[in-house]
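Chain by chain, the residues run as shown.
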Amino acid sequence: MRSKTALRIYVSLFLAGTAFGDFNWKETHDQGVRAFRDNQLEIAEPFLRRSFEQAHYADEIATSGNDLGVLLHYRCRDAEAKPVLTLALAEWQRLGRKDAAARSSHALGAVLRSLGEYAETERILRLAIETQPTLPNDFALLTNAMADLLREEGRLTEAANYAHMTLQTPGLAWRTSIDATITLADVHREARLFTLSQEGWTKAISESRLHNDSVIEAVALRGLAETQLMIGDRASAEPTLRKALAYFESTGNKHQIASTLTCLADLYLAENKPALSEQALRRAVELDETVLGPMHPQIAVMLQARASAAAHLGAMARARADLDRAGEILKARFGNTAPVLGAFFANRGMIEERGGNPADAAANYAKASGILRAAGDDALHLRTIVMEHYAGVLRTLHKRDQAKAALAESKSFKAIEAKGFRP
């Protein structure tokens with residue numbers, strides 16, 4: 001997930017230029033907004049909470065609910081933010097204020113995603129996009145939020161379409177444009193379009209420095225390092241990752257530290273340092289659990305990476321414990337047929353294969369291939385890898401005919417890849 005961008009600008013904008021509202025309510029609300037803008041969140045919260053409690057008119061309720069919800073999100077209290085933002089959105093919709101509703105939808109989407117409620121996030125964002133808010137940047141914020149959500153779920157073609165939609169929006173604010181550029185760079189990396197990905201990260205780094213935005217620069221440096229690592233350029237990836245990590249450590253941003261440690265763990269594993277990899281991931285999981293909670297999908301990603309490190313150390317009991325927990329999280333969040341479950345079973349198969357358990361590996365590869373078959377071209381590269389590994393363990397199990405069929409399927413995927421899948 002990205003840093004919390006663009007939510008703050010919504011605070012108090014609903015009231016700009018209006019004269020409605022009880023004086024006491026408005027004065028209380030304005031005091032909260034002033035403190036919020038000065039980044040005095042502890043001071044802002046009681047004022048915004050009081051303004052929410054004092055609100056009588058629908059506009060007051062919606063404005064106070066939105067602003068209090070955004071503040072709670074910034075304070076990493078998303079469970080508290082969700083009901084007040086839900087109420088704010090319902091009030092805007094009842095009043096027919098589609099632009100205000102779009103902004104509260106974006107804020108609520110950020111909260112729901114932080115809570116790991118991806119399906120509900122997608123529903124809220126799609127509904128808001130369909131209302132076609134008047135202000136182009138409001139529309140762009142929604143489409144880019146959708147793009148990044150779909151990217152995280154591995155739905156690369158849809159994600160790229162929404163990212164392009166964002167970038168084609170006229171009069172786009174620079175920060176929204178760079179957020180979309182970053183999303184697209186991530187998509188291109190996952191689609192193995194490494195040159196395009198590196199170009200996106202380089203642009204994001206340049207723009208962030210031009211606008212003196214250290215957060216975006218650090219996010220982009222990490223993204224560039226991930227791409228460098230995927231193409232095997234470990235010498236370039238390590239200093240880039242460490243620079244990003246140093247920045248996030250200096251700001252105390254737990255989620256961004258955890259995300260960067262996860263990338264550093266991948267580097268350690270590529271350098272055949274599984275103990276360091278597992279150690280980095282242990283800290284990453286601990287940090288992100290305090291921010292996201294124990295059942296968030298991103299925790300499942302880290303647990304799978306940690307299981308891989310444990311397997312490299314021969315600690316299969318630790319690896320399986322992490323995999324069991326990761327599987328429970330993903331099934332609870334996405335059901336049993338989502339592409340992310342296909343990726344999970346692929347990972348589990350590779351870990352069991354490394355642990356010398358070909359029968360268990362084959363069973364997981366079979367599950368992975370069944371799920372990924374329905375995922376289309378987005379999963380093409382992963383399906384190729386799965387079927388190659390599946391063929392290998394089937395040969396080990398002396399199932400030569402099945403191995404031959406799996407290898408033939410893998411070759412057919414490679415032929416499709418060679419024609420050029422380009423999200």
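Residues numbered from 1 in each chain as written. Predicted model: local features only at pLDDT ≥ 70, side-chain atom pairs only at ≥ 80, totals over all residues. Heavy atoms only, no water.

Right, let's talk about unusual backbone geometry for a bit. One non-glycine residue, glutamine 132, lies in positive phi territory at about 50°. With respect to the helices and strands, glutamine 132 occurs in the loop between helix H6 (118-130) and helix H7 (136-152). Even without a glycine there, the phi angle at asparagine 212 is positive, about 55°. Looking at the secondary structure, you find asparagine 212 in the loop between helix H10 (194-210) and helix H11 (214-230). Asparagine 212 sits in the exposed class, given a relative accessible area of 69%. (Helix = DSSP H or I, 4+ residues; strand = E, 2+ residues; numbered from the N terminus. Buried < 20%, exposed > 50% of the residue type's maximum accessible area, 1.4 Å probe, protein only.)

Another point: helix H3 (residues 58-74). Over its 17 residues, H3 extends 24 Å from the first C-alpha to the last, a length consistent with the 24 Å expected when each residue adds 1.5 Å. Within H3, 16 of the 17 residues are buried, leaving the element largely enclosed by the surrounding structure. The first or second residue beyond H3 is cysteine 76, which carries a positive phi of 60°. (Expected span 1.5 Å × (residues − 1).)

Where H11 meets helix H12 (residues 234-251), the axes come as close as 8 Å, and the angle between the chain directions of the two elements is 155°. Taken as axis vectors, H11 and H12 run roughly antiparallel relative to one another. Every pair of crossing elements has a handedness; the one defined by H11 and H12 is left-handed. The residues of H12 that touch H11, namely those facing Ser214, Val215, Glu217, Ala218, Val219, Leu221, Arg222, Ala225, Gln228 and Leu229, are Arg234, Ser236, Ala237, Thr240, Leu241, Lys243, Ala244, Tyr247 and Phe248. Of the residues in the contact of H11 with H12, the class split is 11 nonpolar, 4 polar and 4 charged. (Axes fitted to C-alpha atoms, helices over the stretch in contact; angles between N-to-C directions. Parallel < 35°, antiparallel > 145°, perpendicular 65-115°, else oblique. Left-handed = near helix turned anticlockwise from the far one by under 90°. Contact = heavy atoms within 4.5 Å. Nonpolar A, V, L, I, M, F, W, Y, C, P; charged D, E, K, R; others polar.)

Once that is clear, we can look at the pattern of salt bridges. Close approach of charged atoms allows side chains of opposite charge to pair. The tally for this structure, following the rule as stated, stands at 38 salt bridges. As a salt-bridge pair, glutamate 80 and arginine 77 come within 2.8 Å of each other at their nearest N and O atoms. A salt bridge links glutamate 278 to arginine 282, with the nearest nitrogen and oxygen atoms 3.4 Å apart. You can see glutamate 278 and its partner arginine 282 sitting in helix H14 (residues 274-292), 4 residues apart, about one turn around the helix. (Salt bridge = Lys/Arg side-chain N within 4 Å of Asp/Glu carboxyl O.)

Spatial relationships are all this shows, so hold off on functional conclusions.
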